Amino acid sequence: MNYIAELRTLVGTRPLILPGTSVLIVDERGRLLLLARVDTGDWGLPGGFLDPGESFEDAGRREVREETGLVVDELQLFGVYSGPEYYYRYPNGDEVHNVTAAFTASVAGTAVRVDGTEISGHRFFELDQLPGDIISPERPIVDDYVKRFGG
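Basis of the calculations
Residues numbered from 1 in each chain as written. Predicted model: local features only at pLDDT ≥ 70, side-chain atom pairs only at ≥ 80, totals over all residues. Heavy atoms only, no water. Helix = DSSP H or I, 4+ residues; strand = E, 2+ residues; numbered from the N terminus. Rg over C-alpha atoms; globule rule 2.2 N^0.38 Å. Buried < 20%, exposed > 50% of the residue type's maximum accessible area, 1.4 Å probe, protein only. Contact = heavy atoms within 4.5 Å. Areas by Shrake-Rupley, 256 points an atom, 1.4 Å probe, with all protein chains shown as cover. Lys, Arg positive; Asp, Glu negative; His and termini not counted. Charge placed at Lys NZ, Arg CZ, Asp CG, Glu CD. Core = buried A, V, L, I, M, F, W, Y, C linked by side-chain atoms within 4.5 Å. Pairing = 2+ DSSP bridges. Salt bridge = Lys/Arg side-chain N within 4 Å of Asp/Glu carboxyl O.

Participant: Before we go on, may I ask you to explain the overall build of the protein in this structure?
Facilitator: Secondary structure assignment for the protein yields 3 helices and 8 strands. Reading the secondary structure of the protein in the N-to-C direction produces α-β-β-β-β-α-β-β-β-β-α. For the protein, whose C-alpha radius of gyration is 15 Å, the value lies close to the compact-globule estimate of 15 Å for 151 residues. Looking at the 151 residues of the protein, the share that counts as buried comes to 47%. Intrachain contacts of the protein at a sequence separation of at least 6 include 69% that bridge at least 24 residues. When the accessible area of the protein is evaluated, it comes to approximately 7900 Å², of which 50% is carbon and sulfur surface. The distance from the centre of the 14 positive side-chain charges to the centre of the 25 negative ones in the protein is 2 Å.

Participant: What exactly am I supposed to notice about the nonpolar core here?
Facilitator: Generally speaking, soluble globular proteins have nonpolar side chains that are buried together. Leu 24, Leu 32, Leu 34, Leu 45 and Leu 130 are the most contacted members of the largest nonpolar core, which totals 18 residues. If you list the elements that add at least two residues to this core, you get strand S1 (16-26), strand S2 (32-37), strand S5 (76-81) and helix H3 (139-149). With near-sequence residues (within four places) excluded, Leu 32 lies in contact with Leu 24, Ile 25, Val 26, Leu 45, Arg 123, Phe 124, Phe 125, Leu 127, Leu 130 and Val 142. Membership of the second largest hydrophobic core comes to 15 residues, among which are Ile 25, Leu 35, Leu 75 and Ile 119.

Participant: Which parts of the structure should I look at to understand the pairing of S1?
Facilitator: Remark: a regular strand shows side chains that alternate across the two faces of the sheet. Most of S1 is tucked away, with 9 of its 11 residues classed as buried. By the bridge criterion, 11 bridges tie S1 to strand S7 (residues 95-106) in an arrangement that is parallel. Its bridge partner being in S7, Val 26 is matched across the sheet by Ser 106. Bridging between S1 and strand S4 (residues 47-49) involves 3 bridges; their strand directions are antiparallel. In the strand pairing of S4, Thr 21 is matched with Gly 48.

Participant: Mind showing me how you'd approach the environment of His 122 here?
Facilitator: Relative to the assigned elements, His 122 resides in strand S8 (residues 119-125). In the structure, His 122 is positioned 93 residues away from Arg 29 in sequence and 16 Å away in space, judged by C-alpha atoms.

Participant: Just to check I follow, could you spell out the pairing of S2 for this structure?
Facilitator: With 6 of 6 residues buried, S2 lies mostly within the body of the structure. Of the two faces of S2, the one lined by Leu 32, Leu 34 and Ala 36 and the one lined by Leu 33, Leu 35 and Arg 37 are each fully buried. The pairing of S2 with S8 spans 6 bridges and is antiparallel. The residue of S8 that forms the bridge with Leu 34 is Arg 123. Of the pairings in the sheet, the one linking S2 to strand S3 (residues 43-44) comprises 2 bridges and is antiparallel in character. When the sheet's bridge partners are listed, Ala 36 is paired in S3 with Trp 43. Between S2 and S3, which follow one another and run antiparallel, lie 5 residues, and Gly 41 among them has a positive phi close to 80°.

Participant: Explain the pattern of salt bridges here, please?
Facilitator: Two side chains bearing opposite charge may form a pair once their charged atoms approach each other closely. Enumeration over the complete set of coordinates arrives at 10 salt bridges. Across the pair Arg 62 and Glu 63 runs a salt bridge, and its minimum N-O distance is 3.0 Å. The two residues Arg 62 and Glu 63 agree in class, both being buried. Residues participating in the shared-partner salt-bridge network are Asp 51, Glu 54, Arg 62, Glu 63 and Glu 66.

Participant: When you look at the environment of Arg 139 in this model, what are you seeing that I'm missing?
Facilitator: Mapped onto the elements, Arg 139 comes out in helix H3. Other than its neighbours up to four places away in sequence, Arg 139 contacts Pro 131, Gly 132 and Ile 134.

Set out below in structure tokens:
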């Protein structure tokens, strides 16, 4: 059983403060990778919550590999995001207060292989053509990225 599932057996859907990562991956054309999430039906960034004892960087690399099949070595810290706007209630009722370390990474190719369990699809988006249904705790991260690199 994974750590969060174990916590949920103890606390139910009550709010948890969870550290995690989001990775802003761009291809050689500067397009941003977004993933179609199974749990919410929204678009999101590759990433996820830390396992006990794991660093933010290691969690980011692991989550990218698990969700997309891509291997990223070099991660650059983009920012740390926390506060009331990073609260989220999942469709199943689980509540979280996200503390997210966001990183940037580049990839040479676009050969993404989604896992089919957590992620149902993917797409590299032009920064001026991002979808409106990005999961709410990641929207401010994406918006900051567009402000900084969108031209």
